[in-house]
Amino acid sequence: MRFTINGRLHEVEPDIRTSLLDLCREHLGLTGPKKGCDHGQCGACTILVNGRRVNSCLSLAVMHQEDEIVTIEGLGEPGSLHPMQQAFLHHDGYQCGYCTPGQICSAVGMLDEIAKGWPSHASTDLEQVSLDDAEISERMSGNLCRCAAYPNIVDAIREVAGADARTGSDVGA
Amino acid sequence: MKLFDYQRADTPEQAAASAVAPGTRFIAGGTNLLDLMKLQVETPERLVDVSRLELAKIETREDGGVTIGAMVPNSDLAADPHVIRNYPVLSRALLAGATGQLRNKATTGGNLLQRTRCYYFYDVATPCNKREPGSGCSAIGGVNRILAILGTSDQCIATHPSDMAVAMRALDATIVTVKADGDRRRIPMAEFHRLPGDRPHIDTILEQGELITHVELPSPPPGGRHAYRKVRDRASYAFALVSVAAVIEVEDGRIAKAALAFGGLAHKPWRDPEVEHILIGQTPGKALFEAAADALVRDARGFGHNDFKIPLARRTLIATLQDLTGGR
Ligand SMILES: Cc1cc2nc3c(=O)[nH]c(=O)nc-3n(C[C@H](O)[C@H](O)[C@H](O)COP(=O)(O)OP(=O)(O)OC[C@H]3O[C@@H](n4cnc5c(N)ncnc54)[C@H](O)[C@@H]3O)c2cc1C
Ligand code: SF4
Ligand code: FES
Ligand code: FES
């Protein structure tokens, strides 16, 4: 099987049952995506597939051979961090760090969804999307943080979004 | 996870033909099937990958209705400008379900066919008629807080967990399929999902190998007011305890049309013609809404932990009608 991950082509023959998450972690040494639950419930495994955030634990690798896959490693490296990675550092958007790669990939995908004008459950007007704290919390509800670093995660995302998002202080998943 | 053969389909007809053998399953987003395969609740021998089929378009028809390809991701459907404008109840229902990541993978066809979230269905160590026909139902007399109060049988009290399907039921959607022998059929949403009866292992009327290709929505009712109200244990990322999809038209101070479908109450998106009949032609108001709510739960039966759903369903319906009509 052939995969394009973080701009590099990989040829591997994993078991047909292998998820994208296990492919990255067990076969390619990309241990950024984390296994929290393996059932789509925590978001620690979030990666970008063709630019869209998805749960890699519920993705069968064999189904994604033509796709452009990006993990946290592909967003940025020490020395050349992605703005979202930089903002998480700046705002202490983590404690233990286990959920962080998923949070960051999810936040990057989420801001792209906002840019496309996609509404969320928190949007009062489905046709006019604006980004406040309530929107950030709702849109990030698929990423749980056992350390409850939520306030700082929202701060980091707000900074990158450049949004004046001070309304709705209801932060959490 | 049990080992399986994997094959990718090139056309809908080929997908259907190659899935005719028992033990074969389609896989689209995989967000439900893979979850269940990891737990060996589902143990298909062969997967037919339908995710690359050219069924990912949302098209507006000449009559103003829309035709939704079965592979359209839930995210794209919720954000489609035509859907937002003319079927906001559908956008709202989709956005109330799962998470951003899951909606990016979950497909229209897969969402309709997602399986129940009954705890025992997921726990292979316990009896469950849906998972293992004839083994018994652990939820009756067990923990049943999230389970059904309407249309249950003594074999199964599971609910259908989809939010999207509830909105599609209110909108009178039609499911379009292709069968293994190449025949096509059109199934009204009302007939698509089954009640459990004495065969709770069968969720829908689809045959082995029958592929959903599209979902059609009839042209939107002009002037309809839409709402999707979902009551759940936390504000986001939880399945519905009770939900209501409502499309109401008020003309000259009276309710001209009412389409009301309910989630969390039954084995299928629930709709009761009597509830709508009570409302139509009447002036909105508290007493009227109470009468409709009484009709909704007339035959409801709780199983202990889920008794609370009976008053909750009443109140959720009344609140939704108040919101949409301003009637007090
Ligand atoms: C943590 C979590 C939370 C969730 N919360 C919600 C929620 O709040 N509300 C909600 O509504 N849903 C929720 N979901 C469920 C989610 O919406 C479904 O998993 C998803 O819609 C299934 O779509 P899929 O394309 O991934 O299906 P798959 O997993 O690919 O398939 C599901 C089933 O459908 C069959 N199938 C798929 N496509 C077709 C087709 N075209 N024709 C015939 N058969 C087909 C498959 O064989 C399989 O049996 C949640 C899921 C998770 C994991
Ligand atoms: S309610 Fe249905 S799904 Fe749940 S244990 Fe009983 S038979 Fe199984
Ligand atoms: S590991 Fe994928 S969502 Fe938890
Ligand atoms: S930082 Fe520890 S789980 Fe989020």
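Keep in mind the model is a prediction, meaning the values are calculated, not measured. Sequence positions are assigned chain by chain, starting from 1 and proceeding in written order. Chain letters start at A and ligand numbers start at 1, both assigned in the order the entries are written. Only residues with pLDDT of at least 70 get local features here, since the model is predicted, and only at 80 or more are side-chain atom pairs given and counted; chain-wide, interface and lining totals rely on the full set of residues. Calculation of side-chain values draws on the structure's entire complement of heavy atoms; hydrogens and water are dropped beforehand.

Only heavy atoms matter for contacts: two residues are in contact if any of them lie within 4.5 Å across the pair. Chain A puts 40 residues into the contact, and the matching count from chain B is 41 residues. Contact with chain B buries area across many residues of chain A, yet Arg17, Leu58 and Met63 of chain A alone supply 21% of it, more than any other trio. For this document, the term salt bridge refers to a Lys or Arg side-chain nitrogen within 4 Å of an Asp or Glu carboxyl oxygen. Applying the counting rule to chain A against chain B returns six salt bridges. Residue Arg52 of chain B pairs with Asp67 of chain A through a salt bridge whose shortest N-O separation is 3.0 Å. Counted as a polar contact is a pair of N or O atoms within 3.5 Å, where, for protein atoms, one must be capable of donating a hydrogen and the other of accepting one, and residues adjacent in sequence contribute only when both atoms are in side chains. Scanning the region where chain A abuts chain B turns up 23 residue pairs in polar contact (both at pLDDT 80 or more). Per the convention used, a helix needs a DSSP run of H or I reaching at least four residues, while a strand needs a run of E reaching at least two, with both numbered from the N terminus. Put simply, the parts of the chain that give the side of chain A that touches chain B at least two residues each are β4 (52-55) and α4 (100-115) of chain A. Counting residues per element, the side of chain A that touches chain B draws most heavily on β4 of chain A, which supplies four residues. Classes in brief: Ala, Val, Leu, Ile, Met, Phe, Trp, Tyr, Cys and Pro nonpolar; Asp, Glu, Lys and Arg charged; the others, Gly included, polar. Of the residues that constitute the side of chain A that touches chain B, the class distribution is twelve nonpolar, 17 polar and eleven charged. Reported buried area values correspond to the accessible surface (1.4 Å probe) lost by two parts on association, with both partners' losses combined.

Bringing the layout of surface pockets into the picture now. Estimates place the volume of the second largest pocket at around 510 Å³. Here a cavity means grid points, on a 1 Å grid over the protein atoms only, where a 1.4 Å probe fits yet cannot get out; a pocket means an open set of points with protein on both sides within 12 Å along at least five of seven lines; lining residues are those with an atom within 4 Å of a point. Lining the second largest pocket are 20 residues, with His64 of chain A together with Ser51, Met71, Pro73 and Asn104 of chain B positioned closest to its centre. Counting only elements with at least two residues in the lining of the second largest pocket, the list comes to β4 of chain A together with α6 (100-105) of chain B. Residues that form the lining of the second largest pocket fall into these classes: eight nonpolar, six polar and six charged. Grid points are joined across faces, edges and corners, and a volume is the space filled by probe spheres set on the points.

What follows covers the site of ligand 1. Distances are taken per atom, and a residue is near a molecule or strand as soon as one of its heavy atoms is within 4 Å of it. Close contacts around ligand 1 come from 36 residues, with Arg25, Phe26, Gly30, Thr31 and Thr107 of chain B the closest. At ligand 1, the nearby residues belong to more than one chain, namely chains A and B. Between ligand 1 and Arg25 of chain B there is a distance of 2.6 Å, counted from an oxygen atom to a side-chain nitrogen or oxygen. In this structure, Gly30 of chain B approaches ligand 1 through a main-chain N or O atom, which is 2.7 Å from an oxygen atom. The set of elements that each furnish at least two residues to the shell around ligand 1 consists of β2 (24-27), α7 (108-112) and β8 (211-217) of chain B. Here the residues of the shell around ligand 1 are counted per class, giving 16 nonpolar, 15 polar and five charged.

What follows is about the UniProt feature "domain: FAD-binding PCMH-type" (unreviewed entry) in chain B. The sites that UniProt annotates as "domain: FAD-binding PCMH-type" (unreviewed entry) are residues 1-222 of chain B. Helix makes up 27% of residues 1-222 of chain B and strand 16%, whereas the separation of the span's terminal C-alpha atoms amounts to 49 Å. UniProt positions are given in the numbering used here, feature names are shortened, and annotations may be inferred rather than shown by experiment.

Take the sheet that holds strand β5 (residues 68-70) of chain A next. To summarise the sheet geometry, strands pair through backbone hydrogen bonds and adopt either a parallel or an antiparallel arrangement. Residues and elements named next belong to chain A. Strand order in the open sheet formed by five strands is β2-β1-β5-β3-β4, and the pairing between neighbours is mixed. On the outer flanks of this sheet lie β2 (8-11) and β4, each paired with one strand and no other. Strand after strand, the sheet turns through a mean of 40° between neighbouring axes, direction not considered. Inspection of the sheet shows strand β1 (residues 2-5) paired to β5 by two bridges, in the parallel sense. Looking at β5, one finds that Ile5 is bridged to Ile69. Its contacts with the sheet put helix α1 (residues 20-27) on β1, β3 (46-49) and β5, and the angle it makes with β1 is roughly 85°. Together, β3 and β4 form the strand contacts of α4, whose direction differs from that of β3 by roughly 40°. Here a strand pair is declared whenever DSSP counts at least two bridges between the two strands. Every axis in this analysis is a line fitted to C-alpha atoms, fitted for helices over the stretch in contact. Angles between the N-to-C directions lie between 0 and 180 degrees.

Bringing the packing of helix α3 (residues 83-91) of chain A against helix α6 (residues 150-161) of chain A into the picture now. Residues and elements named next belong to chain A. Across the interface, α3 lies against α6 with an axial gap of 8 Å and an inter-helix angle of 135°. One element, α3, and the other, α6, form an angle in the oblique class. Of the two possible hands of crossing, α3 and α6 adopt the one that is right-handed. Counting all contacts with α3, which are made through Pro83, Met84, Ala87, Phe88, His90 and His91, the residues of α6 involved are Asn152, Ile153, Asp155, Ala156, Ile157, Glu159 and Val160. The residue makeup of the contact of α3 with α6, split by class, is eight nonpolar, three polar and two charged. To sort the angles, those under 35 degrees are grouped as roughly parallel, those over 145 as roughly antiparallel, those from 65 to 115 as roughly perpendicular, and the leftovers as oblique. By convention the crossing between two helices is left-handed if the near helix lies anticlockwise of the far one by an angle smaller than a right angle, and right-handed if it lies clockwise.

Around ligand 2, 13 residues are found, and the nearest of them are Cys118, Cys128, Cys137, Cys156 and Ile157 of chain B. Looking at the shell around ligand 2, its residues break down into nine nonpolar, three polar and one charged.

Residue and element names in this part refer to chain A. Where each domain begins and ends is defined by an automated method or by a domain database. Segmentation of chain A into domains returns domain 1 (2-75) and domain 2 (83-161). Between the C-alpha centres of domain 1 and domain 2 there is a distance of 21 Å. Taken over both partners, the interface formed by domain 1 and domain 2 buries close to 1400 Å², and the fraction arising from carbon and sulfur atoms is 57%. It is Arg53, Ile72 and Leu75 that lose the most area in domain 1 upon contact with domain 2, and together they represent 41% of the buried surface on that side. One can count eight residue pairs in polar contact (both at pLDDT 80 or more) joining domain 1 with domain 2. Ranked by the residues each element gives to the side of domain 1 that touches domain 2, the list is headed by β3, at three residues. By residue class, the composition of the side of domain 1 that touches domain 2 is six nonpolar, seven polar and four charged.

Before going further, it helps to spend a moment on the domain arrangement of chain B. According to the domain assignment, chain B consists of domain 1 (5-48) and domain 2 (225-325). In this structure, domain 1 of chain B and domain 2 of chain B have C-alpha centres spaced 36 Å apart.

Right, let's get into the side chain of Thr107 of chain B. Residues and elements named next belong to chain B. By the secondary structure assignment, Thr107 is in the loop between α6 and α7. Buried, partly exposed and exposed residues are distinguished by accessible area as a fraction of the type maximum, computed with a 1.4 Å probe on protein chains only: under 20%, between the cut-offs, and over 50%, respectively. Overall, Thr107 belongs to the buried group, its relative accessible area being 6%. Setting aside its immediate chain neighbours within four residues, Thr107 contacts Ala28, Gly29, Ala70, Met71, Val72, Pro73 and Asn74.

Counted by the stated rule, this structure contains five cavities of 30 Å³ or more. Space inside the largest cavity adds up to approximately 130 Å³. If you go around the largest cavity, you meet 14 residues; those closest to its centre are Glu113, Trp118 and Pro119 of chain A together with Leu95 and Arg103 of chain B. Of all elements in the fold, only α5 (133-139) of chain A together with α3 (74-79) and α6 of chain B reach the threshold of two or more residues within the lining of the largest cavity. Among the residues making up the lining of the largest cavity, the classes are represented as five nonpolar, four polar and five charged. In this structure, the second largest cavity spans a volume of roughly 90 Å³. Forming the walls of the second largest cavity are 17 residues, and the residues nearest its centre are Cys118, Cys128, Cys137, Ala139 and Cys156 of chain B.

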